[in-house]
Each structure stands twice: as structure tokens, then as C-alpha cells.
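Inside the fold
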Amino acid sequence: MRLFSGPLLAACAAIWLGGVESAAADTPVTYTQDGRALFGFNVPDFWALRTGGPREIEDTELGDTRAVSRVMGMRPVTDDTVWMGFVSPAGVATIEDGVRYLQDIDKFLVKDPTITSTSDTRIGGLPARVFRGTGRRESKGVSFTAALIDLPKNRVAVAVAILRDGANPDYADDLNAVFASFQSFQ
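Residues numbered from 1 in each chain as written. Predicted model: local features only at pLDDT ≥ 70, side-chain atom pairs only at ≥ 80, totals over all residues. Heavy atoms only, no water.

1. Description of the overall build of the chain
A tally of helices and strands in the chain yields 3 helices and 12 strands. Counting all 186 residues of the chain, 46% fall into the buried class. If you sum the accessible surface of the chain, you get close to 9,200 Å²; carbon and sulfur atoms cover 50% of it. (Helix = DSSP H or I, 4+ residues; strand = E, 2+ residues; numbered from the N terminus. Buried < 20%, exposed > 50% of the residue type's maximum accessible area, 1.4 Å probe, protein only. Areas by Shrake-Rupley, 256 points an atom, 1.4 Å probe, with all protein chains shown as cover.)

Here it is in C-alpha cells:
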């Protein structure tokens, strides 16, 4: 089963195009770096938010490390078939820089990714590029959406949503509400 296609893709596309109101996402969070608020979004009810500071992860195939900025990740409390995360990597100033960043970390997110569509849109009133595709994660098929949001002052927010094959398609409402709630604080 391919998620983010058909009615599910249409629902997500409506949010990215600004056409649907925010649903029941009502716990506001703020992404900060060095004490400066960069952007915020609402976490859906009954979703758990995990945050982590800057760290390095190792590419086991190449044996080199990659720096990863603070990640804010969330998933439903009782279901691990869907995950969404945000990061604003240091040194990533434009959407084109964001594309290179995604290419550098894609193997950590999804194995064997295949991009099925790309679109330029607006999220939170800001220019954004959205990639949708399929791949594998932990030996299971997944659908993913990666959004690069052009923040003011030479910053980019990267949002990634991953749904395992068979995930409840109703999670699209929660994911759409998160995108609809996104706002820059700069």
C-alpha cells in the first residue's frame, strides 16, 4: 500500500498549499538554537515529542561521521508506524543547500529512496520545496515526505514525515495539522 497517494496525497497537498485549517493539534512547541527562536509548530494530541541537541552520527558503510543539528521528532503515543521530525541545520541557508543536506543524510532516514514527486509551494507563508517518495526503513516499506522551508535570515527548516506501509491513513490529518501550524519566529 502506498501512502501519500490518492486521497491521502490530496489532503497533504491541500495543507502545503494552505487550503485546509489546522485540526486538533494544540500543543505549541518552539525550535530554538543558541537561545533564539527559529520556528514553531503544534504537536497533535496523543503524540509524543522527543528533542535532542546537536550530535554526530556515523555512516556505517563509509565509516565517517555527520553532524546533525538539534532534532525535534514526534510520533503517536501508541503507534510507531508514523514519525515526523524537524531540524534547522547550521550552515544550510537556502532551499538548494537543503537539497544537498537531504542528499547527505538520506541514507539515515530511508534506504533506497525513490522520489515520486517534487513541488514548490508555501508552508507557513514561506517558500518551500516538498519531496514525496517511497523507500525502506528497518526492512519495511515506507512512504515519506520531506519539506524544505526557507526561513528568514539565511536558515532552512527541514521537516520529514515517514509512514510505514500499512500505517493508519487517518494520521494524515495530524501531519497536515502540524504543517498548517508551522510559523517562523524570525
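Resuming the write-up.
2. Brief notes about the nonpolar core
Core analysis: the largest hydrophobic core is formed by 46 residues, its most contacted members being Phe39, Phe41, Phe86 and Phe182. If you tally residues by element for this core, the top one is strand β11 (residues 155-164), at 8 residues. (Core = buried A, V, L, I, M, F, W, Y, C linked by side-chain atoms within 4.5 Å.)

3. Considering the sheet that holds strand β7 (residues 82-87)
On the basis of which strands lie adjacent, the open sheet formed by 7 strands has the order β3-β6-β7-β11-β10-β9-β8 and antiparallel pairing. Two strands bound the open sheet, and with one partner strand each, they are β3 (47-52) and β8 (111-123). The average angle at which neighbouring strand axes cross in this sheet is 15°, direction not considered. Each of β3, β6 (71-76), β7, β8, β10 (140-151) and β11 is contacted by helix α3 (residues 171-181), which is oriented at about 10° to β7, the strand it contacts most. (Pairing = 2+ DSSP bridges. Axes fitted to C-alpha atoms, helices over the stretch in contact; angles between N-to-C directions. Contact = heavy atoms within 4.5 Å.)

4. Some remarks on the pairing of strand β2 (residues 36-44)
With 7 of its 9 residues buried, β2 lies for the most part within the structure. Pairing of β2 with strand β12 (residues 183-184) involves 2 bridges; the strand directions are antiparallel. Bridge pairing in β12 links Phe39 to Ser184.

5. Structural notes on the pairing of β11
Burial within β11 is extensive, with 10 of its 10 residues counted as buried. What you see with β11 is no split at all: Arg155, Ala157, Ala159, Ala161 and Leu163 on one side and Val156, Val158, Val160, Ile162 and Arg164 on the other are buried throughout. Bridge analysis of β7 against β11 gives 6 bridges, and the strand direction is antiparallel. Within β11, the position partnered with Gly85 by the bridge is Val160. Judged from the 10 bridges that link them, β10 and β11 form a sheet pairing that is antiparallel. Bridging from a neighbouring strand, Thr145 pairs with Ala161 of β11. Connecting β10 to the antiparallel partner β11 that follows it, the hairpin turn spans 3 residues, and Lys153 within it adopts a positive phi of roughly 60°.

6. Section: the packing of aromatic side chains
Under the counting rule described, the total for this entry stands at 7 aromatic pairs. Measuring from ring centre to ring centre gives 4.7 Å for Tyr31 and Phe39, while their planes differ by 10°; the resulting arrangement is stacked. A relative accessible area of 0% places Phe39 in the buried class. With a centroid separation of 4.1 Å and 20° between ring planes, the pair formed by Phe41 and Phe86 is classed as stacked. Of this pair, Phe41 sits in strand β2 while Phe86 is found in strand β7, placing the two residues 45 residues apart along the sequence. (Phe/Tyr/Trp six-rings, centres within 6.5 Å; stacked < 30°, edge-to-face > 60°.)

7. Observations concerning the side chain of Arg164
Secondary-structure assignment places Arg164 in strand β11. Side chain to side chain, Arg164 and Asp80 meet in a polar contact 3.0 Å long. (Polar contact = N/O pair within 3.5 Å; in protein donor to acceptor, adjacent residues only side chain to side chain.)

8. Topic: unusual backbone geometry
Residue Asp112 is not a glycine yet carries a positive backbone phi of 50°. Checked against the element boundaries, Asp112 lands in strand β8. Take Asp112: its relative accessible area is 61%, and that puts it in the exposed class. Of note, the phi angle at Glu138 is positive, near 50°, even though the residue is not glycine. In this fold, Glu138 is placed in the loop between β9 (126-137) and β10.

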